[in-house]
Amino acid sequence: MRWWDIEPVLELEHELFPEDAWSAGMFWSELAHARGPRATRHYVVAEIPADTGSAAGDTGRLVGYAGLASAGDLGDVQTIAAARDQWGTGLGARLLTELLRAATAFECAEVLLEVRVDNTRAQRLYERFGFEPIGFRRGYYQPGNVDALVMRLSDPAHSVLADGPVQGETHG
């Protein structure tokens, strides 16, 4: 993800998370820590290529994004999202795979994440990758006052297979 991706990311963010969408400033702050030798963040986007008849310079439609923060040997999935028309295509698994590769590069011993308790689809994805529930954060998602399930993956380096996809990833 680069600065020019923030506008289309925000469009998708507001579509998917209307009550608790991140602001442009939050994404700018994260990207400020994603470059250089002291980087502690890794953010990626997924795009569908532009049609061959599109104007020059048209990069396509942004359909997903994800971000990871690292601190010491701990990684934290900050955000992960896929456009609704991409659900069931394996995009979420590919984005999560990229975050786990980044966690391995950051030498994280474990990765944490929070997921809405009512988002069972995402919880199933994380479980396929080996994340386990470890607790709750009451009222974490505001303003809806929705609880978060906290999940942990121990040793993300062993979740990323040396020769291919992470356990449970599908290719489409």
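Residues numbered from 1 in each chain as written. Predicted model: local features only at pLDDT ≥ 70, side-chain atom pairs only at ≥ 80, totals over all residues. Heavy atoms only, no water.

1. Quick word on the packing of aromatic side chains
At step 1: Counted by the stated rule, this structure contains five aromatic pairs.
At step 2: Seen in terms of ring centroids, F27 and Y65 are 5.9 Å apart; in terms of plane orientation they differ by 85 degrees. Their pairing is edge-to-face. With F27 in helix 2 (residues 24-31) and Y65 in strand 2 (residues 61-71), the pair connects residues that are 38 residues apart, well separated along the chain. Y65 matches F27 in its accessibility class, with the two residues each being buried. (Phe/Tyr/Trp six-rings, centres within 6.5 Å; stacked < 30°, edge-to-face > 60°. Helix = DSSP H or I, 4+ residues; strand = E, 2+ residues; numbered from the N terminus. Buried < 20%, exposed > 50% of the residue type's maximum accessible area, 1.4 Å probe, protein only.)

2. Comments concerning the pattern of salt bridges
At step 1: Under the defined criterion, the tally for this structure stands at eight salt bridges.
At step 2: Here D118 ties to R116 by a salt bridge, and the two come within 3.0 Å at their closest N and O atoms.
At step 3: Residue R116 is classed as partly exposed on the basis of its relative accessible area, which comes to 21%.
At step 4: A salt bridge links R138 to D147; the nearest nitrogen and oxygen atoms lie 2.9 Å apart. (Salt bridge = Lys/Arg side-chain N within 4 Å of Asp/Glu carboxyl O.)

3. So, the environment of A24
At step 1: Among the secondary structure elements, A24 is positioned in helix 2.
At step 2: Classification of A24 by relative accessible area gives partly exposed; the value is 30%.
At step 3: Taking the C-alpha atoms as reference, A24 lies 6.8 Å from I6; in sequence the two are 18 residues apart.
At step 4: Setting aside anything within four residues of it in sequence, one finds A24 in contact with I6 and L10. (Contact = heavy atoms within 4.5 Å.)

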